[in-house]
Amino acid sequence: MSQTPPRIFTSREDLDAIEQRIVLLDDETRVRVTLDDGSVVEGTVSARPTLEIFRNRDGDEGHNARLRLDDFAQPATPHYVWVGDVRDIEQLGTA
């Protein structure tokens with residue numbers, strides 16, 4: 001996954017929304033996340049993501065967070081998701 005997120009966020013409202021999602025992503029929690037584009041990714045949270053500062057391709061600074069999900073069937077295969085692109089989180093239990 002690129003270190004450059006597709007979107008960065010600067011408004012307090014957007015940052016609060018990302019932080020609210022992060023609270024739902026405890027270590028070792030099994031989740032199904034739905035992204036803004038409608039795609040769905042499932043896996044086990046390897047570590048709670050943190051809000052970080054990034055620069056976009058134009059050099060503007062903002063925030064986002066990267067989530068690593070370990071695949072249910074193949075735990076060695078990670079899926080990376082930008083938390084700012086998450087629309088919904090369904091907790092499925094713990095690993």
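Presented here is a report on the structure given in the accompanying data block. (Residues numbered from 1 in each chain as written. Predicted model: local features only at pLDDT ≥ 70, side-chain atom pairs only at ≥ 80, totals over all residues. Heavy atoms only, no water.)

1. Side note on the overall build of the protein
In terms of regular secondary structure, the protein is built from 1 helix and 7 strands. Secondary structure elements of the protein, listed N to C terminal, follow the sequence α-β-β-β-β-β-β-β. Taken against the 2.2 N^0.38 rule, which gives 12 Å for 95 residues, the C-alpha radius of gyration of the protein at 13 Å falls within 12% of a compact globule. In terms of its C-alpha atoms, the protein occupies a principal-axis envelope of roughly 40 × 25 × 25 Å. Out of the 95 residues belonging to the protein, those deemed buried represent 34%. Partitioning the intrachain contacts of the protein with sequence separation of at least 6 by distance along the chain shows that 60% fall at a separation of at least 24. Here the protein displays about 5,600 Å² of accessible surface, and carbon together with sulfur accounts for 44% of that area. Of note, the protein has its 11 positive side-chain charges centred 2 Å away from the centre of its 19 negative side-chain charges. (Helix = DSSP H or I, 4+ residues; strand = E, 2+ residues; numbered from the N terminus. Rg over C-alpha atoms; globule rule 2.2 N^0.38 Å. Buried < 20%, exposed > 50% of the residue type's maximum accessible area, 1.4 Å probe, protein only. Contact = heavy atoms within 4.5 Å. Areas by Shrake-Rupley, 256 points an atom, 1.4 Å probe, with all protein chains shown as cover. Lys, Arg positive; Asp, Glu negative; His and termini not counted. Charge placed at Lys NZ, Arg CZ, Asp CG, Glu CD.)

2. Describing the side chain of D70
Inspection of the secondary structure assignment puts D70 in strand 5 (residues 66-70). For D70, the side chain forms a polar contact with the side chain of R68, separated by 2.9 Å. Among residues more than four places away in sequence, those in contact with D70 are G43, T44, S46, P75, T77 and P78. (Polar contact = N/O pair within 3.5 Å; in protein donor to acceptor, adjacent residues only side chain to side chain.)

3. Digging into the pairing of strand 2 (residues 40-45)
Where strand 1 (residues 29-35) and strand 2 come together, 5 bridges link them in antiparallel fashion. Following the sheet pairing, V33 is matched in strand 2 by V41. With 2 bridges connecting them, strand 2 and strand 5 associate as antiparallel partners. Residue pairing across strands places T44 opposite D70, the latter belonging to strand 5. (Pairing = 2+ DSSP bridges.)

4. With respect to the packing of aromatic side chains
Under the definition given, this model contains 1 aromatic pair. Geometrically, the ring pair formed by F54 and W82 is edge-to-face, given 5.2 Å between the ring centres and 85 degrees between the ring planes. One end of the pair, F54, is in strand 3 (residues 52-55); the other, W82, is in strand 6 (residues 78-82), with 28 residues separating them in the sequence. Across this residue pair, the class does not change: F54 and W82 are buried. The ring of F72 carries the charged tip of R30 above its face, separated from the ring centre by 3.9 Å. (Phe/Tyr/Trp six-rings, centres within 6.5 Å; stacked < 30°, edge-to-face > 60°. Lys NZ or Arg CZ within 6 Å of the ring centre and 35° of its normal.)

5. Overview of the nonpolar core
One finds L25, V31, V33, L67, L69 and V83 to be the most contacted residues of the largest nonpolar core, which totals 17 residues. Of all the elements in the fold, those that place two or more residues in this core are helix 1 (12-23), strand 1, strand 2, strand 5 and strand 7 (86-94). The contact partners of V83, leaving out residues within four places of it in the chain, are I18, R21, I22, L25, P49, N64, A65, R66 and L67. (Core = buried A, V, L, I, M, F, W, Y, C linked by side-chain atoms within 4.5 Å.)

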